[in-house]
Amino acid sequence: MTVDYIPPQKSYSNGKLSIDKLDLPEAHIIHGREFPVAYALNLNDHEYNRDEVEEFLTSLSQKGVITQLIENHGVFVLRDSVENSDESKAAEVASIIRHIEEGRNQVQFEQNGTLTTRDKKGFNLYTANKSPPESVILQHNEFSRFKRYPNSLVFSILEYTATGGETPLVHGGELYEKVAKELPQFLEKLSQTGLQFNNEIWYKDESERAYWNHEVTFGRNIKPEDDFETKKKKALKIAHEYISDNAWFDEDDNLLASSKTWPVKTFKDEPLLFSSIAAFSDKYTTDEPKIKYGDGTVFSKEDLNKYKKITEELEYKHNWKSGDIVFIHNYQVSHGKLPYKDGKRSTLVGMWDVQDHTKQPFKNFQVEKSDLESVNSNLEALKV
Ligand SMILES: [Fe+2]
């Protein structure tokens, strides 16, 4: 399906500064649009002046240019907007991101229910997952298994000297089409029954990787002087508001949550997949599956492996340049992490949201036989 859209310009300028379009070698075309779209700041022989750069980027945001680029392409890469980026530039990057996001009327998304702890590095900017360099994280849309998820996810690496560690990104519309073609029954059932996440756990013990009394898990409103029962009450309130109605404490005072979500959706009438299935498929055992179809039945191992394989085949792998800021439309695009070695690669993440998500053109979608047929005929047509 191809919808009308405003094509990206080669350059956007205020007469002094500009952002000029870059060709990313691994970008590809989805529904007639480049995925991702990338621009580099061009000073056009002027001196770098932070206020002027922020003012220029704010004006592009206020005109709707940045939202268009993010929504039409799924991912917008901004290069060279920080001068001589290195690990000391977190506050500058945070400020650029803030100007862009607030310029397009987005608000800070409060992170609750993360499965890792994070350190604050600037305004609404945190260290990303603290997993070791060799670890792989498979595709997921951030917080898609919860009640509340961010509209945009912004990644930056201030200093990148590592080998490997590209950021893999998958467009949910392309994923939907490939899954419709190769796993039609899986897709149909997923759209009809939804997706269950069972018994996610945040520990009482603060030496665990995820514990509930941390700002970005469930401790946002907890004060050190609160008694233990008050702490639990405050944590559970956030869990019910942000994560799931089905959240509770077990007898050891660990916080658990189960949820049901609808991963087959449309954004502006284009069907897509929005889920954390690939990332959680590794935590699947036949004894105690973390994820199931919404009716409680288990996925077949073959389907799940095939699904994982499809996501890997569709990955665009972002090759970082120090100081890149990558704006991801979390509704449409999922992300993961690849292993790296030898050198620096600390990722920062900021999450932002629309002011009123109920007005977003993002809806649950029930797949019918005719939809599967039309995907196949569209894909056939593209081959001709
Ligand atoms: Fe993530």
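Structure's up top.
Calculation criteria
Residues numbered from 1 in each chain as written. Predicted model: local features only at pLDDT ≥ 70, side-chain atom pairs only at ≥ 80, totals over all residues. Axes fitted to C-alpha atoms, helices over the stretch in contact; angles between N-to-C directions. Helix = DSSP H or I, 4+ residues; strand = E, 2+ residues; numbered from the N terminus. Parallel < 35°, antiparallel > 145°, perpendicular 65-115°, else oblique. Left-handed = near helix turned anticlockwise from the far one by under 90°. Contact = placed C-beta atoms within 7 Å. Pairing = 2+ DSSP bridges.

Caption draft 1: Inspection of the packing of helix 1 (residues 50-62) against helix 3 (residues 90-103) at higher detail. The interhelical angle for the contact between helix 1 and helix 3, taken along N-to-C directions, is 30°, at an axis separation of 7 Å. Taken together, the axes of helix 1 and helix 3 lie roughly parallel to each other. Here helix 1 and helix 3 pass one another in a crossing that is right-handed. Counting all contacts with helix 1, which are made through Arg50, Glu54, Leu57, Thr58, Ser61 and Gln62, the residues of helix 3 involved are Glu92, Ser95, Ile96, His99, Ile100 and Gly103.

Caption draft 2: Molecular detail of the environment of Leu41. Assignment of secondary structure puts Leu41 in strand 5 (residues 37-42). Along the chain, Leu41 and Asp20 lie 21 residues apart, while their C-alpha atoms are 6.5 Å from each other. Once residues lying within four places of it in the same chain are set aside, the contact partners of Leu41 are Leu17, Ile19, Val53, Asp80 and Ser81.

Caption draft 3: Quick look at the sheet that holds strand 15 (residues 247-249). Ordered in space as 15-16-14-19, the four strands form an open sheet in which the pairing is antiparallel. Every other strand in the sheet has two partners, leaving strand 15 and strand 19 (291-293) as the edge strands with one partner each. Pairs of neighbouring strands in the sheet enclose a mean axial angle of 15°, with direction left out of account. As paired strands, strand 14 (residues 195-202) and strand 16 (residues 255-261) are joined by six bridges and run antiparallel to one another. If you follow Gln196 over to strand 16, its bridge partner there is Lys260. Lying on the sheet, helix 6 (residues 228-243) is in contact with strand 15 and strand 16; it crosses strand 15 at an angle near 160°.

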